[in-house]
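# Structural features, examined
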Amino acid sequence: MPETRVVVPRRTPDAPSGRERTWDEVPRWQIYVPLSVYLVFTLIPFYWILLFAVRPSGSTSLLPWPVTGEHFEKVWNERSFGTYFQNSLLVGLATLVMTTIVALAGGYALARFDFKVKRAFMLALLCSQFVPGALLLVPLFEIFAELQMINSLGSVIIAETVFQLPLSMILISNFIKNVPYSLEEAAWVDGCNRFTAFRIIVLPLLRPGLIAVGSFAFVHSWNHFLFALMFLNNPDKQTIPVGLNTLMSADSVDLGALAAGGIIAAVPVVLVFAFIQKWLITGFSAGAVKG
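Quick notes on the rules
Residues numbered from 1 in each chain as written. Predicted model: local features only at pLDDT ≥ 70, side-chain atom pairs only at ≥ 80, totals over all residues. Heavy atoms only, no water. Salt bridge = Lys/Arg side-chain N within 4 Å of Asp/Glu carboxyl O. Helix = DSSP H or I, 4+ residues; strand = E, 2+ residues; numbered from the N terminus. Buried < 20%, exposed > 50% of the residue type's maximum accessible area, 1.4 Å probe, protein only. Patch = residues over 30% accessible without salt bridge, like charges linked within 9 Å, V, L, I, M, F, W, Y side chains within 5 Å. Areas by Shrake-Rupley, 256 points an atom, 1.4 Å probe, with all protein chains shown as cover. Axes fitted to C-alpha atoms, helices over the stretch in contact; angles between N-to-C directions. Contact = heavy atoms within 4.5 Å. Expected span 1.5 Å × (residues − 1). Phe/Tyr/Trp six-rings, centres within 6.5 Å; stacked < 30°, edge-to-face > 60°. Lys NZ or Arg CZ within 6 Å of the ring centre and 35° of its normal. Core = buried A, V, L, I, M, F, W, Y, C linked by side-chain atoms within 4.5 Å. Parallel < 35°, antiparallel > 145°, perpendicular 65-115°, else oblique. Left-handed = near helix turned anticlockwise from the far one by under 90°. Nonpolar A, V, L, I, M, F, W, Y, C, P; charged D, E, K, R; others polar.

## Considerations on the pattern of salt bridges
- For the structure on display, the rule yields 2 salt bridges.
- One salt bridge connects Arg 112 with Glu 184, and the closest N-O pair in it is separated by 2.6 Å. Residue Arg 112 is found in helix 3 (residues 81-112), and its partner Glu 184 is found in helix 7 (residues 181-189); the two are separated by 72 residues along the sequence. Neither residue differs from the other here; Arg 112 and Glu 184 are each classed as buried.
- Its salt-bridge partner being Asp 114, residue Lys 118 comes within 3.4 Å of it at the nearest N-O pair.

Structural data, given as structure tokens:
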């Protein structure tokens, strides 16, 4: 009996219409107008700060002309912003290093090891993000007083590191999970121990995540006001956020000096994000996805 074949007609794709449907098209003005409005509302405060910082005292001009640097000179020399800047830079860099190192070790343990209280520990890390920093002031002050660390930059560095660690460990652990475990196993077969395999294989792949965590810790410690205000009493130990607060009194506010101090405080943060934005976006997006 001859074999019977069933021929199924192949479905041909619809012919291209040549252009998208008109109801799917979005006019350009519907995109540019909202973005322009948002840009104006975003840039006006920055322009206002720049205007007060560079125009002479007593001027009411809406254009920054003539330009003067008297306000910057005043806050840098007379208001000790040079010292505040150095203290903030030291606190920010030390917090960056300590947070990155501890979060790297803790994140690796959370990503590669299983232990009984792992789920409870992860839950505790997540719940700690709901605790405001103000609730930590009393216990931290008591601890630093016992250790005789009040009025020391080390107290602010430790407090900022403790405050940044939970989120940093979660990000690093999720980022490590995206690195295939087989790469470390291959290194072990070649004779490497766990630390060497991590340093040679895993650590170079974690660069975006480390940059994201480090930059977040630096920016937060640079801008944080509460810990520096409570733990530092000596004016030579204060940071830029506290220094900005000293420019405002109950009777008057020097708007020019305050604007100049705000620009000085904003410049390092802007430079950091300008140079690391590519790695920052990569790091946060990779660390937010479970591997």
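From this point, the narrative continues.
## Re a nonpolar patch on the surface
- Where nonpolar side chains cluster on the molecular surface, the patch consists of Val 26, Ile 31, Tyr 32 and Leu 35 and spans about 390 Å² of accessible area.
- Mapped onto the secondary structure, Ile 31 falls in helix 1 (residues 28-54).

## A few points about the packing of helix 8 (residues 194-205) against helix 9 (residues 207-223)
- At a minimum axis distance of 5 Å, the contact between helix 8 and helix 9 shows a crossing angle of 60°. Each of Leu 203, Pro 204 and Leu 205 in helix 8 lies in contact with helix 9, whose residues at this interface are Arg 207, Pro 208 and Leu 210.

## Describing helix 9
- Taking 1.5 Å per residue, 17 residues should reach 24 Å; helix 9 reaches 24 Å between its end C-alpha atoms and fits that length.
- Extensive coverage of helix 9 is indicated by the burial of 12 of its 17 residues.
- Among the residues of helix 9, Pro 208, Gly 209, Leu 210, Ala 212, Val 213, Gly 214, Ser 215, Ala 217, Phe 218, Val 219, Ser 221 and Trp 222 are the ones counted as buried.

## Details of unusual backbone geometry
- Here Gln 148, not a glycine, exhibits a phi torsion of approximately 60°, which is positive.
- On the secondary structure map, Gln 148 appears in the loop between helix 5 (137-146) and helix 6 (153-177).
- In this model, Asn 151 sits at a positive phi of 70°, which is unusual for a non-glycine residue.
- If you trace the backbone, Asn 151 turns up in the loop between helix 5 and helix 6.
- Residue Asn 151 is classed as partly exposed on the basis of its relative accessible area of 26%.

## Points about the environment of Leu 137
- Assignment of secondary structure puts Leu 137 in helix 5.
- On the basis of relative accessible area, Leu 137 is assigned to the buried category, the value being 12%.
- For Leu 137, the contacting residues outside a window of four places in its chain are Leu 226, Phe 227, Met 230 and Phe 231.

## Looking at the packing of aromatic side chains
- The final tally for this structure, using the stated rule, is 12 aromatic pairs.
- Ring centres of Trp 48 and Phe 52 lie 5.7 Å apart, and the angle between their planes is 65°; this geometry places the pair in the edge-to-face category. Pair noted here: Trp 48 and Phe 52 are both in helix 1, with a separation of 4 residues, about one helical turn.
- By relative accessible area, Phe 52 is classed as buried at 19%.
- The structure contains a cluster of three or more aromatic residues connected by ring pairs, namely Phe 141, Phe 144, Phe 163, Phe 227 and Phe 231.
- The side chain of Arg 55 reaches across the aromatic face of Phe 52, ending 4.6 Å from its centre.

## Describing the nonpolar core
- Core analysis: the biggest nonpolar cluster contains 20 residues, and Leu 104, Leu 125, Ile 172, Ile 176, Phe 198 and Leu 206 have the highest contact counts within it.
- Sorting the residues of this core by element identifies helix 3, helix 4 (118-128), helix 6, helix 8 and helix 9 as the ones contributing at least two each.
- Looking at this core, the element that brings in the most residues is helix 6, giving 7 residues.
- Leave out the neighbours within four places in its chain, and Ile 176 touches Leu 104, Gly 107, Tyr 108, Ala 111, Arg 112 and Leu 206.
- If you look at the next biggest cluster of nonpolar residues, it comprises 19 residues, including Phe 81, Ile 240, Ala 257 and Ala 259.

## Details of the environment of Lys 177
- Tracing the backbone shows Lys 177 in helix 6.
- In the structure, Lys 177 is positioned 66 residues away from Ala 111 in sequence and 5.7 Å away in space, judged by C-alpha atoms.

## Here we look at the environment of Ala 217
- Positionally, Ala 217 belongs in helix 9.
- Residue Ala 217 is classed as buried on the basis of its relative accessible area of 0%.
- C-alpha separation for the pair Ala 217 and Gly 92, spaced 125 residues apart in sequence, amounts to 7.5 Å.
- Once residues lying within four places of it in the same chain are set aside, the contact partners of Ala 217 are Thr 95, Leu 96, Thr 99 and Gln 164.

## Regarding the packing of helix 4 against helix 6
- Following both chains from N to C, one finds helix 4 and helix 6 inclined at 130°, their axes separated by 8 Å at the closest point. When the interaxial angle is binned, helix 4 and helix 6 end up oblique. Relative to helix 6, helix 4 is oriented so that their crossing is left-handed. Between helix 4, through Phe 121, Leu 125, Leu 126 and Ser 128, and helix 6, the contact on the second element is made entirely by Pro 166, Met 169 and Ile 170.
- Across the contact of helix 4 with helix 6, the residue classes break down as 6 nonpolar, 1 polar and no charged.

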